[in-house]
Amino acid sequence: MLDKYVYGAHGVLLVYDITNSQSFENLEDWYGAVKKANEESDTQPVIALVGNKIDLEHMRTVKLDKHQRFCQENGIVSQFVSAKTGDSVFLCFQRVAAEILGIKLNKAEIEQSQLSGLESGSFELSWWIILKMKHQLITGPIRARSALFNNKRRVVKADIVNYSQESVARTVNTPRSSMCVIQ
Ligand SMILES: Nc1nc2c(ncn2[C@@H]2O[C@H](COP(=O)(O)OP(=O)(O)OP(=O)(O)O)[C@@H](O)[C@H]2O)c(=O)[nH]1
């Protein structure tokens, strides 16, 4: 069943609880299942390892270096969040969406997103981008810009670092420069 969900997905979040070692141990299996499901797919999803419950840092049982090693060995995005306080949740989705779109977030934007708490609008917004991409309705960074503008009304500048031919073919409004503004 899992393969049906993840086949062709553009983004996958592997979420575990930093206070629960077992939830981290299970990740090897989940990661393997995601890779296997996409074996025959032309494109591989952007995968992020997400350590949840950072508000409970004092109860952490999964060591930081374990998390980082997993990310380095598998070449995946690393992120820590708190679903309870909203800490870095927006940033998490934003980073994965940016990676999928080939947009490089600068340091100031990352810091700004880190500070912003969870808002239902921004949460849905990021999923919207990923889901639309899965169904190939996304029109690239320009569409992402208007989606972010409608929901968040916050200016984010981003460099386009890796805009693939396949994405360009799906793009209605192809960006004319190597710089775009996400609002
Ligand atoms: N402190 C804290 N609690 C959280 C966080 N995320 C989820 N929880 C709590 O963890 C409990 C379980 O949340 P669920 O969403 O049901 O997750 P689950 O994977 O089914 O359960 P767990 O294995 O307990 O994490 C609930 O009481 C949540 O409120 C977080 O970031 N910080």
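Preceding this section is the structure that the text describes.
Treat the numbers as computed from the prediction; the structure is a model and nothing was measured.

**Considerations on the overall build of the protein chain**
- Within the protein chain, the regular secondary structure consists of nine helices and six strands.
- Relative to its full complement of 183 residues, the protein chain shows a buried share of 44%.

**Concerning the nonpolar core**
- Ranked by size, the top nonpolar core spans 19 residues in total, and within it Leu14, Tyr16, Leu49 and Phe70 carry the most contacts.
- Every element with two or more residues in this core is listed here: strand 1 (11-17), helix 3 (27-37), strand 2 (46-52) and helix 4 (64-74).
- The element contributing the most residues to this core is helix 3, with four residues.
- Residues in contact with Leu14, not counting those within four places in the same chain, are Leu27, Trp30, Tyr31, Val34, Ile47, Ala48, Leu49, Val50 and Phe70.
- Core analysis: the second largest hydrophobic core is formed by ten residues, Val46, Ala48, Val81 and Val89 among them.

**Comments concerning the site of the ligand**
- Every residue close to the ligand is listed here: Asp17, Asn52, Lys53, Asp55, Leu56, Ser82, Ala83 and Lys84.
- In the environment of the ligand, an oxygen atom lies 3.3 Å from a nitrogen or oxygen atom belonging to the side chain of Ser82.
- Backbone polar atom of Ala83 to an oxygen atom of the ligand: 2.9 Å apart, as the coordinates give it.
- Within the shell around the ligand, the residues separate by chemical class into two nonpolar, two polar and four charged.

**Observations regarding the sheet that holds strand 2**
- Spatial strand order, 1-2-3: three strands in an open sheet with parallel pairing. Looking at strand neighbours, the two that pair on one side only are strand 1 and strand 3 (77-80), the edges of this open sheet. Adjacent strand axes in the sheet meet at a mean angle of 20 degrees when their direction is disregarded.
- Bridge count for strand 1 against strand 2 is seven bridges, and the pairing is parallel. When the bridges of strand 2 are listed, Tyr16 appears paired with Gly51.
- This element, helix 5 (residues 89-101), spans strand 1, strand 2 and strand 3 of the sheet and lies at about 165 degrees to strand 3.

**Observations concerning the packing of aromatic side chains**
- Taken as a whole and assessed by the stated rule, the structure comprises three aromatic pairs.
- Ring geometry for Phe24 and Phe70: centres 6.0 Å apart, planes at 70 degrees, overall edge-to-face. Placement of Phe24 in helix 2 (residues 21-25) and of Phe70 in helix 4 is noted, with a sequence separation of 46 residues between them.
- Given the relative accessible area of 8%, Phe24 is considered buried.
- Residue classification places Phe70 among the buried residues on the basis of a relative accessible area of 5%.

**Some points on the pattern of salt bridges**
- Summed over the entire model, instances satisfying the criterion amount to four salt bridges.
- With its nearest N and O atoms 3.1 Å apart, the salt bridge here joins Asp17 to Lys53. Taken as a pair, Asp17 in strand 1 and Lys53 in the loop between strand 2 and helix 4 lie far apart in primary sequence, 36 residues in all.
- Given a relative accessible area of 33%, Lys53 falls into the partly exposed group.

**Considerations on the environment of Glu40**
- With respect to the element layout, Glu40 can be found in the loop between helix 3 and strand 2.
- Residue Glu40 is classed as exposed on the basis of its relative accessible area of 69%.
- Glu40 sits 33 residues away from Tyr7 along the chain, and the two C-alpha atoms are 8.9 Å apart.

**A word on helix 5**
- Between its first and last C-alpha, helix 5 extends 18 Å over 13 residues, near the 18 Å set by a 1.5 Å rise per residue.
- Summarising burial for helix 5: eleven of the 13 residues are buried, a large majority.
- All of the buried residues in helix 5 are Val89, Phe90, Leu91, Cys92, Phe93, Gln94, Val96, Ala97, Ala98, Ile100 and Leu101.
- Phi turns positive, to about 75 degrees, at Gly102, one or two residues after helix 5.

The rules behind each value
The written sequence of each chain sets the order in which its residues are numbered from 1. Confidence filtering applies because this is a predicted model: local features only for residues at pLDDT of at least 70, side-chain atom pairs given and counted only at 80 or more, and all residues used for totals across whole chains, interfaces and linings. Values shown for side chains rest on all heavy atoms present in the structure; no hydrogens or waters enter the calculation. The helix and strand labels rest on DSSP assignments: H or I over at least four residues marks a helix, E over at least two residues marks a strand, and numbering proceeds from the N terminus. Relative accessibility decides the category of a residue: with a 1.4 Å probe and only protein chains considered, values under 20% of the type maximum give buried, values over 50% give exposed, and everything between is partly exposed. Residue types Ala, Val, Leu, Ile, Met, Phe, Trp, Tyr and Cys, when buried and joined through side-chain atoms within 4.5 Å, form a set referred to as a nonpolar core. In what follows, a contact means two residues having at least one pair of non-hydrogen atoms within 4.5 Å. Proximity criterion: a residue is near a molecule or strand once any of its heavy atoms comes within 4 Å of it. Any pair of nitrogen or oxygen atoms within 3.5 Å is treated as a polar contact; in protein, a donor-acceptor pairing is required on top of that, and neighbouring residues in sequence qualify only through side-chain atoms on both sides. Classification convention: Asp, Glu, Lys, Arg as charged; Ala, Val, Leu, Ile, Met, Phe, Trp, Tyr, Cys, Pro as nonpolar; all other residues, Gly among them, as polar. Strand pairing is assigned whenever DSSP identifies at least 2 bridges connecting the two strands. Every axis corresponds to a line fitted to the C-alpha atoms, with the helix fit spanning only the stretch in contact, and the corresponding angles, defined between N-to-C directions, vary from 0 to 180 degrees. In this scheme Phe, Tyr and Trp rings, the latter by its six-membered ring, pair at centre separations within 6.5 Å, and the angle between planes marks the pair as stacked below 30 degrees, edge-to-face above 60, and tilted otherwise. Note on definitions: salt bridges are taken to be side-chain nitrogens of Lys or Arg within 4 Å of carboxyl oxygens of Asp or Glu. To estimate the expected span of a helix, count its residues, drop one, and scale the result by 1.5 Å.

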